[in-house]
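# Structural overview
Given next are the chains, with one letter for each unit.
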Amino acid sequence: MSYQAFLSEIEKGLPSPVYLFYAADPFILREGIVAVKRVVPEPDRDFNLHIFDMAATDDAFTVQQMLDVMNTVSFFGGRRFTILTGNIQKIAKKDLEKIHDYIASPAPNTVFVIFHSGTLKKDGKTKFDVLKQISLDIREAEIPFWIKE
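Residues numbered from 1 in each chain as written. Predicted model: local features only at pLDDT ≥ 70, side-chain atom pairs only at ≥ 80, totals over all residues. Heavy atoms only, no water.

Another point: the packing of aromatic side chains. Applying the stated rule across the entire model yields five aromatic pairs. Considering the side-chain rings of Y19 and F21, the 5.3 Å spacing of their centres and the 20° angle between planes classify their relative orientation as stacked. Taking the relative accessible area as the measure of exposure, F21 reaches 0% and is therefore buried. Their ring planes at 85° and their centres at 5.9 Å tell us that Y102 and F112 sit as a pair that is edge-to-face. You can see Y102 sitting in helix α5 (residues 93-104) and its partner F112 sitting in strand β4 (residues 110-117), a full ten residues away along the chain. Ring pairs connect the aromatic residues F6, Y19, F21 and F115, which therefore count as one cluster. (Phe/Tyr/Trp six-rings, centres within 6.5 Å; stacked < 30°, edge-to-face > 60°. Buried < 20%, exposed > 50% of the residue type's maximum accessible area, 1.4 Å probe, protein only. Helix = DSSP H or I, 4+ residues; strand = E, 2+ residues; numbered from the N terminus.)

The N-to-C vectors of helix α4 (residues 63-70) and α5 enclose an angle of 15°; their axes lie 10 Å apart at closest approach. The angle between the axes of α4 and α5 places the two elements in the roughly parallel class. The interaxial crossing formed by α4 with α5 has left-handed handedness. Between α4, through V63, Q64, M66, L67 and M70, and α5, the contact on the second element is made entirely by D95, K98, I99 and Y102. The residue makeup of the contact of α4 with α5, split by class, is six nonpolar, one polar and two charged. (Axes fitted to C-alpha atoms, helices over the stretch in contact; angles between N-to-C directions. Parallel < 35°, antiparallel > 145°, perpendicular 65-115°, else oblique. Left-handed = near helix turned anticlockwise from the far one by under 90°. Contact = heavy atoms within 4.5 Å. Nonpolar A, V, L, I, M, F, W, Y, C, P; charged D, E, K, R; others polar.)

Quick look at the pattern of salt bridges now. Within this structure, the stated rule accounts for one salt bridge. With a shortest N-O distance of 3.6 Å, K12 and E9 are connected by a salt bridge. By relative accessible area, which is 53% here, K12 ends up exposed. Note on E9: relative accessible area 5%, which makes it buried. (Salt bridge = Lys/Arg side-chain N within 4 Å of Asp/Glu carboxyl O.)

For the rest of this paragraph, the subject is α4. Looking only at α4, the buried set comprises V63, M66, L67 and M70. One side of α4 carries all its buried residues, which in axial view fall inside an arc of 100°. (Arc of directions from axis to C-beta.)

A word on the nonpolar core. Membership of the largest hydrophobic core comes to 24 residues, with the highest contact counts inside it found for F6, L14, F21, V36, V113, F115 and L136. Of all elements in the fold, only α1 (3-11), β1 (18-23), α2 (26-39), β3 (80-86) and β4 reach the threshold of two or more residues within this core. The greatest single-element share of this core, amounting to six residues, is contributed by α2. Residues within four places of F115 in sequence aside, it is in contact with F21, L29, G32, I33, V36, I83, L84, T85, G86 and L136. L20, M66, L96 and I99 belong to the second-largest nonpolar core, a separate cluster that totals 19 residues. (Core = buried A, V, L, I, M, F, W, Y, C linked by side-chain atoms within 4.5 Å.)

Below you can see the structure in the form of structure tokens.
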């Protein structure tokens, strides 16, 4: 899948409960996060948008804390959006199992979006094969479309 598929999902309001977006370019990932943020109505962002960055050292979190957030009913109704950023291939095996358990049965009003930094290796793709996976890497043929957007 491609960047155009990503934009199509954004236009639909991210209807699937779990996504995996990946790109080698950090700029494209940041643009993707901004696009996902725009899906959440601005008045609801403080309560229904949570971003967990695996690379952040000042705001460390555990996978269990992230799962607790995703399983909490959203304030003011609507859907809760949880974003996990970083290199998912560096997640500890026990934490990865917890994430897989959540993915198998996601909370009904939560959208879990994983932004993977770097190329996703073949074994990484198979580990997350139940997710809707979209590459944000822009192919040469898509550059004019990306610029226009």
